[in-house]
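# Observations on the three-dimensional arrangement
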Amino acid sequence: MVLMTDQHRAGLTAGEGGRHDTMPRLDALLDSGARFDRAYTTSPACVPARTSLLTGRFPTAHRVRQNSTAASALYERDLLDVLRSAGYSLHFCGKPHMHRGPDDFDSFHGPYMHEHGPRRTPEDAAFDEWLHGLDHRVAGEPSPHPVSAQLPYRIVSDAVDVLDQVGDDRPFFLWVSFPEPHNPYQVPEPYFSMFGEQDVPPRLAGPEALEDLSWRYRWLHRLISDKRPGFDDEWRRYRANYLGMLRLLDDQIGRLLDHLGDRLEDTVVVFLSDHGDYVGEYGLQRKGAGMSEALMRVPFGVAGPGVVTGRHRELVSLADVLPTVCDWLDQDLPAGVQGRSLAPLLIGAEGPPEEFGSMLGELGYGGVSYDETDRPPLHFPYEGTTFDELNSVTQSGGLRMLVTERYKLLVDDRGEEELYDLDMDPAEQINRVDDPEVREVRDELRLLLVRWMIRAADDLPVGQYMPKTRPHNWRWVIGDTGPADTPGSELAPAASGSGAPDN
């Protein structure tokens, strides 16, 4: 089973060093499994990231680099194909935002998007209309509608129905995809009052940091300021609502886990998000500019039969999910997959640093980057309050990220470079690319970035030549690659006599 949140920044739960009351039920689940403290999205936008999750490929390869191009996804076989070939029934509840549709599942409940979902009651319709009226803002008052009208509650109700209908004769895959804590930022009571505005975690940097950042941040800030003057005055309410949304999600996740009952013992649960959210950093809301840790790092954990409890510092990615599932189920890795299997790590192995000591991220739809003073036509008007942070300007050109345990290198299509020491400068304000003290580090990161970009270049289509492969798709490791080449049999026992775990 995959539990997925949307625009969920890492670091806000007790298990990630945050407040103890944000997501206690999720923390308890992942405390019994494996947490990956340095998990990254492949791209800080919904559809490119979700396409990477399904295909195990980076946006450069799968071709989906903006939310409007899901139909262009390029791959040989994806996660659904692998699970189907292994005999699983496939079920989806929630927000799709992907290249797959209802006909690709045995049951499909949705689509739920950020302002609406399937309406079963008049209260559902009333809530959706109220939600739409927020125009993706930060609500200054509690939602006047009950918890039962909230999208996570309705999605979990659908998931409960699925669990009641699946039989024991066949393993199942259930993907529960929540639109929250994505904007609009709102919650009803009691969640609205759970986190006081004066008690929210401080931000690393406010709008005063914009002058130290790339022009994309400043362009986005000016766009929002023109449309919604004084919007950053509400940053504490923004954070309080965001934490309240996480707690509402947590209660609904608990409701789903409770309904699984004894079946949870035979179910592998993967929890992750597609990308992060500024949550007020730099005086910004949502996402849309740059590749800061607030946007790139995501919560990621696995719990279930055979998963060894522990915390992992290996740098991992959404693209690693598909190859991991292939290992679990003893399925051939689809051609063109670029992620690495985490299956050996989940049963106690350490990830070799040459394979898991760095990670790539991608941003941009191509073409030539705009400039800070440009105001080209957009897919929404410059007038009025409505805006889309993902637009022709902030997403223009190309930006690549290479991150290691301590450092982050960014290079864009114009040749501009940024180098940050994440230990000393967590807000990523001090660009050290020209600092002679870290020249060797910079050069090493440049080489690693080139190697990752070669790895993310597409191996498809398959032709006459046969590529060399290594176990678990650990391409940069020579020799022993873990405690088992096919660890699926060690990871999880058979469920319900089916010969495979529920997932």
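Preceding this section is the structure that the text describes.
A few points on the structure. (Residues numbered from 1 in each chain as written. Predicted model: local features only at pLDDT ≥ 70, side-chain atom pairs only at ≥ 80, totals over all residues. Heavy atoms only, no water.)

### Things to note about the side chain of histidine 182
The test is simple: Here a helix means four or more residues in a row that DSSP labels H or I, a strand means two or more in a row labelled E, and each is numbered from the N terminus. Identification of polar contacts relies on pairs of N or O atoms within 3.5 Å, with a donor-acceptor requirement for protein atoms, meaning one able to donate a hydrogen and the other able to accept it, and with residues adjacent in sequence counted only if both atoms are side-chain atoms. A contact between two residues is defined here by any heavy atoms of the two lying within 4.5 Å.
Here histidine 182 shows up in the loop between strand E5 (172–177) and helix H7 (191–194). Within the structure, the side chain of histidine 182 is placed 3.2 Å from the side chain of glutamine 7, a separation counted as a polar contact. Among the polar contacts listed, one links the side chain of histidine 182 to the side chain of lysine 287, at a separation of 3.5 Å. The residues contacting histidine 182, other than those within four sequence positions of it, are Asp6, Gln7, His114, Met245 and Lys287.

### Considering the side chain of glutamine 252
Structurally, glutamine 252 is set in helix H9 (residues 235–260). A polar atom in the side chain of glutamine 252 sits 2.8 Å from the side chain of arginine 255. Residues contacting glutamine 252, with those up to four places away along its chain left out, are Val147, Pro152, Tyr153 and Val156.

### Some remarks on helix H2 (residues 46–55)
Here is the rule we go by: Only protein chains enter the accessibility calculation, which uses a 1.4 Å probe; a residue whose area is less than 20% of its type maximum is buried, one above 50% is exposed, and one in between is partly exposed.
The buried count for H2 comes to ten of ten residues, which makes it a mostly enclosed element. For H2, the complete set of buried residues consists of Cys46, Val47, Pro48, Ala49, Arg50, Thr51, Ser52, Leu53, Leu54 and Thr55. Residues of H2 that are buried in the fold lie against strand E1 (2–5), helix H3 (59–62), helix H4 (79–85), E5, strand E6 (269–273) and helix H11 (321–328). Downstream of H2 by one or two residues, glycine 56 has phi in the positive range, about 70°.

### A look at the nonpolar core
Cut-off, in case you're wondering: To form a nonpolar core, buried Ala, Val, Leu, Ile, Met, Phe, Trp, Tyr and Cys residues must be joined to one another through side-chain atoms within 4.5 Å.
In terms of nonpolar packing, the biggest core is built from 71 residues, with Leu174, Tyr278 and Tyr282 touching the most fellow members. Listed in part, the 43 residues of the second largest apolar core include Met4, Leu318, Cys326 and Leu329.

### Structural notes on the packing of aromatic side chains
Note the cut-off: Any Phe, Tyr or Trp ring, taking Trp's six-membered ring, that has another such ring centre within 6.5 Å forms a pair; planes under 30 degrees apart are called stacked, those over 60 apart edge-to-face, and the others tilted.
Summed over all chains, the structure comprises 14 aromatic pairs. Considering the side-chain rings of phenylalanine 36 and phenylalanine 300, the 5.3 Å spacing of their centres and the 25° angle between planes classify their relative orientation as stacked. Residue phenylalanine 36 is located in strand E2 (residues 34–40), and its partner phenylalanine 300 is located in strand E7 (residues 300–303); the two are separated by 264 residues in the primary sequence. Look at phenylalanine 300 and you get buried, because its relative accessible area is 6%. On the numbers, 4.6 Å between centres and 50° between planes, the contact of tyrosine 185 with tyrosine 238 is tilted. Of this pair, tyrosine 185 sits in the loop between E5 and H7 while tyrosine 238 sits in helix H9, placing them 53 residues apart in sequence. The same class applies to tyrosine 185 and to tyrosine 238, which are both buried. A network of ring pairs unites the aromatic residues Phe92, Phe105, Phe108 and Trp175 as a single cluster.

### Some words on the packing of helix H6 (residues 151–165) against H9
We count it as follows: Each axis is a line fitted through C-alpha atoms, and for a helix only the stretch in contact is used; angles between axes span 0 to 180 degrees, taken between their N-to-C directions. Oblique is the label for every angle not falling under 35 degrees (roughly parallel), over 145 degrees (roughly antiparallel), or within 65 to 115 degrees (roughly perpendicular). Gly is placed with the polar residues, together with every amino acid not listed as nonpolar (Ala, Val, Leu, Ile, Met, Phe, Trp, Tyr, Cys and Pro) or charged (Asp, Glu, Lys and Arg).
The interhelical angle for the contact between H6 and H9, taken along N-to-C directions, is 10°, at an axis separation of 10 Å. Between H6 and H9, the angle is such that the two are roughly parallel. Within the contact between the two elements, H6 uses Pro152, Tyr153, Val156, Ser157, Ala159, Val160, Leu163 and Asp164 and H9 uses Leu248, Leu249, Gln252, Arg255, Leu256, His259 and Leu260. By residue class, the composition of the contact of H6 with H9 is ten nonpolar, three polar and two charged.

### Brief notes about the sheet that holds strand E11 (residues 407–412)
To keep things clear, this is the line we draw: Note on pairing: DSSP must find at least two bridges between two strands before they are called paired.
Taken in spatial order, the four strands make up an open sheet running E9-E10-E11-E12, and their pairing is antiparallel. The outermost strands of the open sheet, each flanked by one partner alone, are strand E9 (358–366) and strand E12 (417–421). Averaged over all pairs of adjacent strands, the angle between strand axes in this sheet comes to 10°, irrespective of strand direction. Relative to E11, strand E10 (residues 397–404) runs antiparallel, the two being bridged by five bridges. In the sheet register, leucine 399 faces E11, and the bridge partner there is aspartate 412. Each of E9, E10, E11 and E12 touches helix H14 (residues 439–456); the most contacted strand, E10, lies at about 115° to it.

### Points about the pairing of E5
In terms of residue burial, E5 counts as a mostly covered element, since six of its six residues are buried. Along E5, one buried face is formed by Phe172, Leu174 and Val176 and the opposite face, lined by Phe173, Trp175 and Ser177, is buried too. In terms of strand pairing, E1 meets E5 through three bridges, oriented parallel. Within E5, the position partnered with valine 2 by the bridge is tryptophan 175.

### Things to note about the environment of phenylalanine 380
Along the chain, the position of phenylalanine 380 falls in the loop between E9 and E10. In this structure the C-alpha to C-alpha distance between phenylalanine 380 and serine 32, which are 348 residues apart in sequence, comes to 46 Å. Beyond its immediate stretch of four places on either side in the chain, phenylalanine 380 contacts Leu223, Lys227, Thr386, Phe387, Asp388 and Asn391.

### Here's the deal with the pattern of salt bridges
Heads up, the rule is: Basic side-chain nitrogens of Lys or Arg form a salt bridge, by our definition, when they fall within 4 Å of a carboxyl oxygen of Asp or Glu.
Under the defined criterion, the tally for this structure stands at 45 salt bridges. Here aspartate 258 makes a salt bridge to arginine 25, at a shortest N to O gap of 2.6 Å. Of the two residues, aspartate 258 sits in helix H9 while arginine 25 sits in helix H1 (residues 24–31), which places them 233 residues apart along the sequence. The residue arginine 340 makes a salt bridge to aspartate 320 at a minimum N-O spacing of 2.8 Å. Highlighted residues: arginine 340 in the loop between H11 and helix H12 (343–346) and aspartate 320 in the loop between strand E8 (310–317) and H11, separated in sequence by 20 residues. Given a relative accessible area of 0%, arginine 340 falls into the buried group. Because the salt bridges share partners, they merge into one network encompassing Arg406, Asp421, Asp423, Arg432, Asp435 and Glu437.

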